[in-house]
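Listed below, chain by chain, are the residues.
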Amino acid sequence: MLATTVGARCVGPNDGNPTGVDIRTSPQWGSCHALDHRPPALSTDSAGGCAIPSRTGVPSMLRSRRRTRVLAAVLVGAVLTVAAAHPAVARPALASTTAGAVSTASAWHVEDLGAPVPNLGYARVVGAVSLQDGPASDPRPYMFNVINDALWVMSPVAGSWRWTARGAPPVSRIRGSVGVIKFLGQSTSIERAYVFVYTDDGHLWGNWWDGSRWAWTDIGTPGGTTVSAPVGAVAVQTAPGSQAVPYIYVIGADGHLWWSRKNNTGQWTWTDQGVPAGVTLHRLADPVGAVNLRLSPTQPDLPQVFVLDVQGNLWRHGFDGLTWRWYGHGSPQPSYNAHGVGLVAVQNGPNAASRPEAFIGVNGQVLELTWYNDAWTWSTHSSSGTTYVRHAGTIAVQDGWDTQQRPYVFSCDLEGGPLRTNWWTGAQWVWSVQAGTDAAGLDPSCGDAVALPDRFTGTRYPYVFYWSRQQPMRLMLTWWG
């Protein structure tokens, strides 16, 4: 059994656990740490606030082991064997201010983060991201939400979880979210978040730190039209080590894909990326998103944008280093009900090329498109157990610097219920239910996830934020440790 800690709950069974991770008490985050790989059979609850002790210590290497991981090429039938080291490291856990006994197992934990206002009318997920205050600091998770027409962020501040108001655009009401990205400040090594939303009048807005305060910027509208639907946002480095540039993608009221970015003079520009001939892009479906790819660590980012048409076929608008092109990927189950479930870039090793993993839902089914063995291939995953699978975050988990990354897809049902995880073990895809969770099926996303990296070991841990279905609505967090 896990000892009771204020404001946190540790739950089992051990579904979808990151392998190769052993956790002990350390001075970084407090006392709610687990070790070994087996979860407790049950856990206990208690009420109270959640705080994060300051992280001052250095994670220690507990032990390492060698194992051979078999990566089954699910999509093309081949099998690739990869030798990988799996260091076991101290876990930076989000713990309570009240110290409890050290757990004897690793498990998924659930925490109640509350809500920033009473009588919460509605909440809309914008996105989650991990940020560092400098190369010598530890990454921290940030979750951005639109609550009652205003932007709010939940993050660890001065040792405690805290809601911070970011206000709203001064002209029009926020209609929807596009995404959140992170980038390094031009004169510092501090990572900052840039949040993008669009408003009822069809304008794209950005919320960012200008060096002294959080400011709203009106990025405007695509030429001759307005923003109709979100697609996604990425921070693009045109050369390794260069200043990242925000690339934001939306579908205009004219049905075209539009791209906005800053030019060399710091002005926001709009570019019409068009639409495939004879195709109508789906503006009502949950978005698939945008992602960066790299052929190697010394190569520039190659942004790739994934969208659905009204027949449920998946299209990619990709940059190959010279030009933008449209690519049609079809679908194994074309349907108007197709919608985005997630998108992530993964690597088989630190120097390997990254490849995209795109996930779409057709009712309760999850379909995956990935690049493997020099070919784009579809795979149909087993049923999610829901009537309509809704996005709650897609991330790449990693067990250490020299190990392959493994995609985790978090989702919930349109009607709400427990979070479900579709994760790659290294040999097969597995579905599991996140015990102790009860998510609201918000439109277009019931939550978002971030892979929180350990800067000493390269281990990436899943943190999933979601809104509870139970009233009053509250932001919840489930994390592995």
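Position numbers for residues start from 1 in each chain and track the written sequence from start to end. Local features in this predicted model are restricted to residues whose pLDDT is 70 or higher, and side-chain atom pairs enter the listing and the counts only when it is 80 or higher, whereas totals over whole chains, interfaces and linings include all residues. Heavy atoms throughout the structure, all of them, feed into the side-chain values; hydrogens and water do not.

(A) Focus on the overall build of the chain. In DSSP terms, a helix is any run of H or I states spanning at least four residues, a strand is any run of E spanning at least two, and both are numbered starting from the N terminus. In terms of regular secondary structure, the chain is built from zero helices and 31 strands. Counting the 481 residues in the chain, one finds 59% classified as buried. Contacts are assigned to residue pairs that have any heavy atoms within 4.5 Å of one another. Contacts in the chain between residues at least 24 apart in sequence constitute 59% of all its contacts with a sequence separation of at least 6. Residue-level accessible areas treat just the shown protein chains as cover; the underlying method is Shrake-Rupley with a 1.4 Å probe. Split by element, the accessible area of the chain, about 18,000 Å² in all, is 52% carbon and sulfur. Accessible area is worked out with a 1.4 Å probe on protein chains only. A residue is then buried under 20% of its type maximum, exposed over 50%, and partly exposed in between.

(B) How the structure looks around the confidence of the model for the chain. Along the chain, pLDDT gives the predictor's confidence residue by residue, from 0 to 100. Averaged over the chain, the pLDDT score is 78; the fraction of residues at 70 or greater is 77%. Counted against residues more than four places away or in other chains, residues 1-105, with its pLDDT under 50, gives 297 contacts.

(C) Representation of the pattern of salt bridges. Salt bridges, as used here, are contacts in which a Lys or Arg side-chain nitrogen is within 4 Å of a carboxyl oxygen on Asp or Glu. A complete count under the given rule lists twelve salt bridges for this structure. In this structure, the salt-bridge partner of Asp 286 is Arg 390, at a minimum N-O distance of 3.2 Å. Of this pair, Asp 286 sits in the loop between strand S16 (268-274) and strand S17 (289-293) while Arg 390 sits in strand S25 (residues 389-399), and the two are 104 residues apart along the sequence. Here Asp 286 and Arg 390 have matching classes, each one buried. By sharing partners, the salt bridges in this structure join Asp 149, Arg 173 and Asp 200 into a single network.

(D) Spotlight on the sheet that holds S17. Here, strands pair whenever DSSP counts at least two bridges between them. One open sheet holds the four strands; their spatial order is S17-S18-S19-S20, and the pairing between them is antiparallel. Each edge of the sheet is formed by a strand with only one pairing partner; in this case those strands are S17 and strand S20 (324-330). Averaged over neighbouring strand pairs, the angle between their axes works out to 25° when direction is ignored. With six bridges joining them, strand S19 (residues 314-319) and S20 adopt antiparallel strand pairing. Angles shown run from 0 to 180 degrees and are taken between the N-to-C directions of axes, each axis being a line fitted to C-alpha atoms and, for helices, limited to the stretch in contact.

(E) Seen up close, the side chain of His 329. Along the polypeptide, His 329 turns up in strand S20. Any pair of N or O atoms that falls within 3.5 Å is considered a polar contact. Within protein, one atom must be able to donate a hydrogen and the other to accept it, and sequence-neighbouring residues count only if both atoms are side-chain atoms. A distance of 3.0 Å separates a polar atom in the side chain of His 329 from a polar atom in the side chain of Arg 316. Non-local contacts of His 329, meaning those with residues more than four positions away in its chain, are made with Leu 314, Arg 316, Leu 369, Trp 376 and Trp 378.

(F) Inspection of unusual backbone geometry at higher detail. A cis amide bond links Gln 471 to the next residue, Pro 472, at an omega of -5°. You can see Pro 472 is positioned in the loop between strand S30 (459-467) and strand S31 (475-480). A positive phi angle, near 50°, is found at Asn 373, a position not held by glycine. Mapped onto the elements, Asn 373 comes out in the loop between strand S23 (365-372) and strand S24 (375-380). Within the chain, Asp 374 stands out as a residue other than glycine whose phi angle is a positive 60°. Position of Asp 374 relative to the elements: it lies in the loop between S23 and S24. Take Asp 374: its relative accessible area is 68%, and that puts it in the exposed class.

(G) Here's a closer look at the packing of aromatic side chains. Think of it this way: a Phe, Tyr or Trp ring, Trp meaning its six-membered ring, pairs with another when their centres are within 6.5 Å, and the plane angle makes it stacked under 30 degrees, edge-to-face over 60, tilted otherwise. Counted according to the given criterion, the structure contains 21 aromatic pairs. When the centroid spacing of 6.3 Å and the interplanar angle of 80° are considered together, the rings of Phe 196 and Trp 268 count as edge-to-face. Here Phe 196, found in strand S10 (residues 191-199), pairs with Trp 268, found in strand S16; they are 72 residues apart in sequence, far enough to count as distant. Taken individually, Phe 196 and Trp 268 each receive the classification buried, so the pair is uniform in this respect. Ring centres 5.7 Å apart and planes at 55° place the aromatic pair Trp 424 and Trp 429 in the tilted group. For the pair Trp 424 and Trp 429, a shared accessibility class is recorded, and that class is buried. Directly above the aromatic system of Trp 208 lies the positively charged group of Lys 262, at a separation of 4.9 Å from the ring centroid. Both a distance and an angle decide whether a charge sits over a ring: NZ of Lys or CZ of Arg must be within 6 Å of the ring centre and within 35 degrees of the ring normal.

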